[in-house]
Amino acid sequence: MDFEIFKGHLIDAGLAEQNEITGCVESEIKRIEEIAGCKLPLEYEKFLENLGKSGGKFLQGTDVFFDSILEIQEWAVELLEEEGKKNILPRNAFIIFMHQGYEFGYFLLGESEDPEVFFYSEGMSYPEARWKSVSYFLESVLADEIQVLQG
């Protein structure tokens, strides 16, 4: 994915100003990799480099940025434990977003450079494959947010 084009779409849609789009620095990405226990998939790493700290109004209300990415790993497990489903999350799952504490998305580490994104919401029996890749997840969310803005 070309993140310069992606950031341009955020700005053109009115979801962010240039100065509101901030990526993670290398040491922050390394910290996330330490939590993950391995190198992150390329497309997710590119997301972190380009928008990892802030994307303006993009994904507002969803924990997806650096300030919460480390905590959501635990929050997702806690949600599943509360539902008695702690064993349904694969060991190599890495949570990339959590929304309002009741739903989250993840990919499987070591699968590919642009892995499939799975979705789980409170009350579901099992997570489901929802987006064919991290880049597709980001593009889909952006398209949805633009559609909402345009009414």
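Keep in mind that this is a model prediction, so the values were computed, not measured.

## Observations regarding the state of the cysteines
So, step 1. Going through the model one piece at a time under the given rule, you end up with 0 disulfides.
So, step 2. With no disulfide of its own, C24 lies 17 Å from the sulfur of C38, the closest cysteine sulfur.
So, step 3. Its relative accessible area of 8% is what places C24 among the buried residues.

## Re the pairing of strand β6 (residues 117-121)
So, step 1. Across the 5 residues of β6, 5 count as buried, placing the element largely inside the fold.
So, step 2. The alternating pattern of β6 places V117, F119 and S121 and F118 and Y120 on opposite faces, both of which are buried.
So, step 3. Sheet analysis places strand β5 (residues 103-108) next to β6, joined by 4 bridges and oriented antiparallel. Across the sheet, residue F104 finds its bridge partner in β6, namely Y120.
So, step 4. The sheet contact formed by β6 and strand β7 (residues 128-131) spans 3 bridges and is antiparallel. Counted as the bridge partner of F119 is E128 from β7.
So, step 5. Where β6 hands over to β7, the hairpin turn is made up of 6 residues, of which G123 adopts a positive phi near 95°.

## Let's talk about the pattern of salt bridges
So, step 1. If you walk through the whole model with that rule in mind, you get 7 salt bridges.
So, step 2. K30 is paired through a salt bridge with E33; the nearest N and O atoms lie 3.7 Å apart. One end of the pair is K30 and the other is E33, both in helix α2 (residues 26-36) and 3 residues apart, which spans about a single turn.
So, step 3. Between E45 and K39 there is a salt bridge, with its nearest N and O atoms 2.7 Å apart.
So, step 4. Take K39: its relative accessible area is 54%, and that puts it in the exposed class.

## Regarding unusual backbone geometry
So, step 1. One non-glycine residue with positive phi stands out, namely L59, at about 60°.
So, step 2. As for its placement among the helices and strands, L59 is situated in the loop between β2 (54-55) and β3 (62-63).
So, step 3. A positive phi angle, near 55°, is found at Q100, a position not held by glycine.
So, step 4. Considering the arrangement of structural elements, one finds Q100 in the loop between β4 (93-99) and β5.
So, step 5. Using a relative accessible area of 54% as the deciding quantity, one classes Q100 as exposed.

## Let's talk about the nonpolar core
So, step 1. In this structure, L10, L40, Y44, F47, F58, F94 and F104 are the most contacted members of the largest nonpolar core, which totals 50 residues.
So, step 2. At the level of elements, α1 (3-12), α2, α3 (42-51), α4 (66-82), β4, β5, β6 and α5 (134-150) are the ones that each hand at least two residues to this core.
So, step 3. The greatest single-element share of this core, amounting to 7 residues, is contributed by α4.
So, step 4. Excluding anything up to four places from it in sequence, F58 contacts F6, L10, L15, L51, F65, L138, V141, L142 and E145.

What counts, and at which threshold
Residues numbered from 1 in each chain as written. Predicted model: local features only at pLDDT ≥ 70, side-chain atom pairs only at ≥ 80, totals over all residues. Heavy atoms only, no water. Disulfide = S-S within 2.5 Å. Buried < 20%, exposed > 50% of the residue type's maximum accessible area, 1.4 Å probe, protein only. Helix = DSSP H or I, 4+ residues; strand = E, 2+ residues; numbered from the N terminus. Pairing = 2+ DSSP bridges. Salt bridge = Lys/Arg side-chain N within 4 Å of Asp/Glu carboxyl O. Core = buried A, V, L, I, M, F, W, Y, C linked by side-chain atoms within 4.5 Å. Contact = heavy atoms within 4.5 Å.

Remember, this is a structural readout, not a statement about activity or role.
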